[in-house]
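Understanding the architecture of this molecule
Each chain, written out:
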Amino acid sequence: MPDLPYHAVPHIPAHWSAGSDPFAWEWKALPAITPFILADGSGPATQQTVVRTGYDADTLYVRFDCDDCDIWGTYCERDDPIYDEEAVELFISPGKETPVDYFEFEISPNGIFFDARISNPDEQRATLRVDTAWNADARWWARREDAAGRWTAILALPWRCLTCEPLPSLWRANFFRIERPRDGEPEFSCWSPTFTSPADFHKPSCFGYLLLAE
């Protein structure tokens, strides 16, 4: 397996306000994670996704910008299976070791949110446990620009949902995209490829590293 990717997560600028419109923030001031790779590792995704991350003492912020020639979705309730349609996803766990337990967060183009706690002792679907009854005290947004062929999702995730104090500086994580054009083949892509076909994102040994910058 190739070396796992690493990304330094910067502090957000001090003038960004937690109560303001996150679409108005100057996200391009933050370094981008790009390009996304097909889950099987065979090459870059056709419908690309750019991720930017930042944090403050209370919250992790993640923005996904998605190229999409056919934006759609039908689900309308929290924890609906939006992974069966189109979604962006974050899997994350504190610490540097390969996690057995981690958190899963998803946002659809229509702003539907899915969150769960995952137990995955051996990376086998037969033993995977998904707790959708757990709800994070998170905020999320989505904005479609159908005419321009793109959509954006933003997640504000309080650290208290993920870990106890003190806040770890190193995390294991992966970012994913499920793209299903209605007239073509689905595309499963990610920051750190899981080398699976058919695609399987629940491979925590493939999670990359996020380092919170001092």
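As a reminder, the structure under discussion sits directly above these lines.
Reading the values: rules and limits
Residues numbered from 1 in each chain as written. Predicted model: local features only at pLDDT ≥ 70, side-chain atom pairs only at ≥ 80, totals over all residues. Heavy atoms only, no water. 1 Å grid on protein atoms, 1.4 Å probe; cavity = no way out; pocket = protein on both sides within 12 Å on 5 of 7 lines; lining within 4 Å. Points joined across faces, edges and corners; volume = space filled by probe spheres on them. Helix = DSSP H or I, 4+ residues; strand = E, 2+ residues; numbered from the N terminus. Nonpolar A, V, L, I, M, F, W, Y, C, P; charged D, E, K, R; others polar. Buried < 20%, exposed > 50% of the residue type's maximum accessible area, 1.4 Å probe, protein only. Pairing = 2+ DSSP bridges. Salt bridge = Lys/Arg side-chain N within 4 Å of Asp/Glu carboxyl O. Phe/Tyr/Trp six-rings, centres within 6.5 Å; stacked < 30°, edge-to-face > 60°.

Focus: the layout of surface pockets
Volume-wise, the largest pocket comes out at about 290 Å³. Elements with a contribution of two residues or more to the lining of the largest pocket: β6 (87-94) and β7 (101-107). A per-class count over the lining of the largest pocket returns 9 nonpolar, 1 polar and 7 charged. The computed volume of the second largest pocket comes to approximately 240 Å³.

Focus on the pairing of strand β1 (residues 6-9)
Only one face of β1 is covered, namely the face carrying H7 and V9; the face carrying Y6 and A8 is uncovered. Here 4 bridges tie β1 to strand β14 (residues 208-212), and the two strands are oriented parallel to one another. Bridge pairing links Y6 to Y209 in β14.

Details of the pattern of salt bridges
All chains considered together, the criterion is met by 11 salt bridges. A salt bridge links D70 to R182; the shortest N-O distance between them is 2.5 Å. Remark: R182 occurs in the loop between β12 (170-179) and β13 (187-190) and D70 occurs in the loop between β5 (59-67) and β6; sequence separation between them is 112 residues. A residue is classified by how much of its surface remains accessible, and D70, at 13% relative accessible area, is buried. Residue class for R182 comes out exposed when judged on its relative accessible area of 57%. The partner of E179 in a salt bridge is R177, and the shortest N-O contact between them spans 3.3 Å. Judged by its relative accessible area of 1%, E179 is buried. On the basis of relative accessibility, which here comes to 0%, the residue R177 falls in the buried class. Through salt bridges with shared partners, a single network forms among D68, R177 and E179.

A word on the packing of aromatic side chains
Within this structure, the stated rule accounts for 20 aromatic pairs. Centre to centre, the rings of Y55 and W159 are 6.2 Å apart; their planes meet at 75°, and the pair counts as edge-to-face. With a gap of 104 residues between them, Y55 in strand β4 (residues 49-55) and W159 in the loop between β11 (150-158) and β12 connect regions that are remote in the sequence. Owing to a relative accessible area of 6%, Y55 belongs among the buried residues under this scheme. With 4.1 Å between their ring centres and 15° between their planes, F113 and W140 make a pair best called stacked. Remark: W140 occurs in strand β10 (residues 139-145) and F113 occurs in strand β8 (residues 113-119); sequence separation between them is 27 residues. Classification of F113 by relative accessible area gives buried; the value is 1%.

Topic: the sheet that holds β11
Pairing is antiparallel in the open sheet, where 5 strands are placed in the order β2-β4-β5-β11-β10. The sheet terminates laterally at β2 (32-33) and β10, the two strands that pair on one side only. As defined by bridge partners, β10 adjoins β11 across 7 bridges and the pair is classed as antiparallel. Opposite R139, over in β11, you have A156 as the bridge partner.

On their own, these measurements won't tell you what the molecule is for.
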